[in-house]
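# Summary of the model geometry
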Amino acid sequence: MNAVMADRTQQDPVRMEKIVSLCKRKGFIFQSAEIYGGLNGCWDYGPLGAELKRNLKDYWWRVNVQERPDIVGMDGAILTHNSVLTASGHVNGFTDPLCDCLLSKERLRADQIPAQSGVAYWWKGAAKKDGSWSTAKEFSMLVPDTEEKSAKLARKGALQYYSQIAGKGTQPGDLELKEESTENVTDSVRYNPANGSLVTEARSFNLMFKTTIGAASDENDPSSIGWLRPETAQSIFCQYKNILDSSRMKIPFGIAQIGKSFRNEINPRNFTFRSREFEQMEIEYFCREEDGFRLTDEWLERCLTFYENIGIPRDKINVLDVPAEERAFYSKKTYDLEYLFPFGLQELQGVAYRTCYDLTRHQEGSGKPMEYFDETTREKFIPHVVEPSAGCDRTVLAVLCEAYDEEELGTDGKSDIRIVMRFHPRMAPIKAAIFPLLKKNEEQVRIAHEIEETLRPYMNVFYDEGGAVGRRYRRQDEVGTPFCITVDFETLGEEGADPALKDTVTIRHRDSMEQERVPVKDILHWLLKRIH
């Protein structure tokens, strides 16, 4: 484990709040259906967020598909045949353990409740003081100790719980608790860590979104059942043979896909990190069994290089070699690549050696052959698979978190905080901003617009003539624009200006705030060299 990642629980909620605020204020990410109270676990990308996400996907596709002769792409359907997910094991096995907090009614992942120790207060029920209602339902609250303050907290929670089940209009003060007792508990996972309330017994919860297909569909007809796909991988496995035959690929080769997936998460949280609708960037790389472990390590290295090239340093990525008991049963090797978000160390990507499990299951489920025929050795075999699978939205969030910076520029005791998003230029939503120094100078405005028109076919740029140029710089810093181009008096070669600077512009660098002169005719090539 990297030394920087030693503390898995390290958090910075204040920083996270600032990042979320900036995302809304500047148009990166909005809550879906916010005007109606929001759709939990779903997010909309605004103008800058859409550009950032597209830059990420385009670069991923470029390095993994366009620049490699051994990988081809596909785009599978989101609606998925019931038989596909039955064969893959998702219909019967894609579940999480779900429990409910009895007090707050919050739904929790039972396997993510931390072990807690303390004193459990129990009651055999409660009754209204006027004798009009009573219940024998047991309830419990976990508190640190038996001190009076803790005991009062436990009883307050219990009275709130019983008042909820007593019916509308019942207040906690109307009730009295029955048969109180206490017990010391150690490493219990039966209580909600947020409020100490007892939770229900865990039950299986299928994470997939089910739908019916066809105008006259019947929910009891298996042929009409469909699913919103929970992952992009299964469409790749189902089309593997068609792609193999039509593209004439030879083992080893890969199939790449970027697309939406859907999981009905019990508890979406941490901004866009865990969502019900998300996008994956995934490759299934088909190989011989004897090459599986070697290729898994090679893909790990390639993924680490990718993150470096989008602005997330290698020393910010923790590589977890997942122990055998925590891996999926079909995996012989899995690496999790983790990033230290402000809300803690969390998985960005997995690199898994899935063996031949998936193709074998689909061969059995469909009755169609999935073997690969090697023309050199004249043998048939079902290929093994190495799967580098990254969360697109999670990676966007990591890029945002890594880029956010606050820089103190104040002097003489005066504070001046510069908020700057230090995106790698290839990820930046806006590659360059173009300013006329004075918006009332018609010639400066004309040249600035000409530069804008020259650059637009090649990159996303922004024209701004409002306010002092320093204020315009700050606005671009806050959205991560790496270069600002200013057309000034030197550009025009006006009287008093250095003649050598005629037909040049000032380019200001976001991170260093240094400036340099570049000829107008060279701007396009100067930028292209630095943003790709």
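Everything below is about the structure printed above this text.
Here's a quick rundown of the structure. For every chain, the first residue of its written sequence is number 1, and the numbers climb from 1 along that sequence. In keeping with the predicted nature of the model, local features appear solely for residues at pLDDT of at least 70, side-chain atom pairs appear and are counted solely at 80 or more, and the whole-chain, interface and lining totals rest on all residues. Note: side-chain values were computed over all heavy atoms of the structure, leaving out hydrogens and water.

### Some points on the state of the cysteines
Note that a disulfide, as used here, is simply two cysteine sulfur atoms within 2.5 Å. If you walk through the whole model with that rule in mind, you get zero disulfides. The thiol of Cys 303 is unpaired, and the distance to the nearest cysteine sulfur, on Cys 392, comes to 14 Å. For Cys 303, a relative accessible area of 7% translates into the label buried. Between buried and exposed lies partly exposed: a residue is buried under 20% and exposed over 50% of the maximum accessible area for its type, with that area taken using a 1.4 Å probe on protein chains only.

### Brief notes about the pairing of strand β19 (residues 333-341)
The helix and strand labels rest on DSSP assignments: H or I over at least four residues marks a helix, E over at least two residues marks a strand, and numbering proceeds from the N terminus. In terms of burial, β19 is largely enclosed, as nine of its nine residues are buried. Alternating residues of β19 divide into Lys 333, Tyr 335, Leu 337, Tyr 339 and Phe 341 and Thr 334, Asp 336, Glu 338 and Leu 340, and every residue in both groups is buried. At least two bridges found by DSSP between two strands are what make those strands a pair. Two strands pair when backbone bridges link them, and strand β18 (residues 317-321) and β19 are joined in this way by five bridges, in the antiparallel orientation. Across the sheet, the residue bridging to Ile 317 is Tyr 339, located in β19. Of the strand pairs in this sheet, β19 and strand β20 (residues 344-355) are connected by nine bridges, and their pairing is antiparallel. Counterpart to Tyr 335 in the pairing with β20 is Val 351.

### Side note on the nonpolar core
Residues enter a nonpolar core if they are buried and are Ala, Val, Leu, Ile, Met, Phe, Trp, Tyr or Cys, with the set joined through side-chain atoms within 4.5 Å. One finds Phe 28, Tyr 307, Ile 310, Leu 337, Phe 341, Leu 400 and Phe 423 to be the most contacted residues of the largest nonpolar core, which totals 57 residues. At eight residues, helix α9 (residues 392-403) tops the list of elements feeding residues into this core. The next biggest cluster of nonpolar side chains, apart from the first, holds 25 residues, and it includes Ala 126, Val 143, Ala 151 and Tyr 191.

### Considering the pairing of β20
When you tally the buried positions in β20, you get 10 out of 12 residues, the bulk of the element. What sits between β19 and β20 in their antiparallel hairpin is a turn of two residues. As defined by bridge partners, β20 adjoins strand β23 (residues 384-391) across six bridges and the pair is classed as antiparallel. Residue pairing in the sheet places Val 351 in a bridge with Pro 388 of β23.

### Observations concerning helix α13 (residues 523-531)
Those residues of α13 lying buried are Ile 523, Leu 524, Trp 526, Leu 527 and Ile 531. Buried residues of α13, viewed axially, fall in a sector of 165°; they line one side. Opposite its buried face, α13 presents the exposed residues His 525 and Lys 529, each directed more than 90 degrees away. Contact between two residues is taken to exist if any of their heavy atoms lie within 4.5 Å; hydrogens are not considered. Taken together, the buried residues of α13 touch β26 (432-436), α10 (442-455), β28 (483-487), β29 (504-509) and β30 (515-519). This arc corresponds to the set of directions leading from the helix axis out to the C-beta atoms.

### A look at the environment of Lys 26
In this structure, Lys 26 sits in the loop between α1 (13-25) and β1 (29-31). As for Lys 26 and Asp 522, which are separated by 496 residues in sequence, their C-alpha atoms are 31 Å apart. The residues touching Lys 26, leaving out its near neighbours within four places in the chain, are Leu 48, Glu 478 and Val 479. Reaching out from Lys 26, the side chain makes a polar contact with the side chain of Glu 478 at a distance of 3.4 Å. Definition of a polar contact: a pair of N or O atoms within 3.5 Å, with one able to donate and the other able to accept a hydrogen when the atoms are protein atoms, and with sequence-neighbouring residues admitted only if both atoms are side-chain atoms.

### Description of the pattern of salt bridges
Only one rule defines a salt bridge in this text: a Lys or Arg side-chain nitrogen within 4 Å of an Asp or Glu carboxyl oxygen. Evaluated as defined, the whole model comprises 47 salt bridges. A salt bridge links Arg 274 to Glu 265; the nearest nitrogen and oxygen atoms lie 3.4 Å apart. Classification of Arg 274 by relative accessible area gives buried; the value is 15%. The exposure class assigned to Glu 265 is buried, which follows from its relative accessible area of 7%.

### Some points on α10
Between the first and last C-alpha of α10 there are 20 Å, a value that for 14 residues agrees with the 20 Å anticipated at 1.5 Å per step. The complete set of buried residues in α10 reads Gln 444, Val 445, Ile 447, Ala 448, Ile 451, Glu 452 and Leu 455. Axial view of α10: buried residues confined to an arc of 165°, hence all on one face. Exposed residues on α10 whose side chains face more than 90 degrees from its buried face are Glu 442 and Glu 453. Buried positions along α10 lie against β26, β27 (461-463), β28, α12 (489-492), β29 and α13. At the N-terminal end of α10, a side-chain oxygen is found 3.2 Å from the backbone nitrogen of Glu 443, two or three residues along, and the residue is Asn 441. To estimate how far a helix should extend, the number of its residues minus one is multiplied by 1.5 Å.

### Examining the packing of α1 against α9
Relative to each other, α1 and α9 sit at 110°, their axes nearing to 10 Å. Viewed along their axes, α1 and α9 adopt a mutual orientation that is roughly perpendicular. In this structure, α1 contributes Arg 15, Met 16, Ile 19 and Cys 23 to the contact, and α9 contributes Leu 397, Leu 400 and Cys 401. All residues other than Ala, Val, Leu, Ile, Met, Phe, Trp, Tyr, Cys, Pro, Asp, Glu, Lys and Arg, Gly among them, are scored as polar; the first ten of these are nonpolar and the last four charged. Grouping the constituent residues of the contact of α1 with α9 by class yields six nonpolar, no polar and one charged. In this description, a line fitted to the C-alpha atoms serves as the axis of each element, helices being fitted only across the stretch in contact, and the angle between N-to-C directions of two axes falls anywhere from 0 to 180 degrees. Note that the term roughly parallel is reserved for angles under 35 degrees, roughly antiparallel for angles over 145, roughly perpendicular for angles of 65 to 115, and oblique for everything else.

### Remarks on the layout of surface pockets
Volume-wise, the second largest pocket comes out at about 320 Å³. Whether a set of points on the 1 Å grid over the protein atoms alone is a cavity depends on a 1.4 Å probe fitting there but being unable to get out, while an open set qualifies as a pocket with protein on both sides within 12 Å along at least five of seven lines; lining residues are those with an atom within 4 Å of a point. Lining the second largest pocket are 14 residues, and of these Leu 244, Lys 250, Tyr 372, Phe 373 and Glu 375 sit closest to its centre. Taken together, the elements giving at least two residues each to the lining of the second largest pocket come down to α6 (233-247) and β21 (372-374). In terms of residue class, the lining of the second largest pocket is built from five nonpolar, one polar and eight charged. Grid points are joined across faces, edges and corners, and a volume is the space filled by probe spheres set on the points.

### Structural notes on the environment of Leu 295
Take Leu 295: it is sitting in helix α7 (residues 292-309). On the basis of relative accessible area, Leu 295 is assigned to the buried category, the value being 6%. In this structure the C-alpha to C-alpha distance between Leu 295 and Glu 387, which are 92 residues apart in sequence, comes to 9.9 Å. Among residues more than four places away in sequence, those in contact with Leu 295 are Tyr 285, Cys 287 and Val 386.

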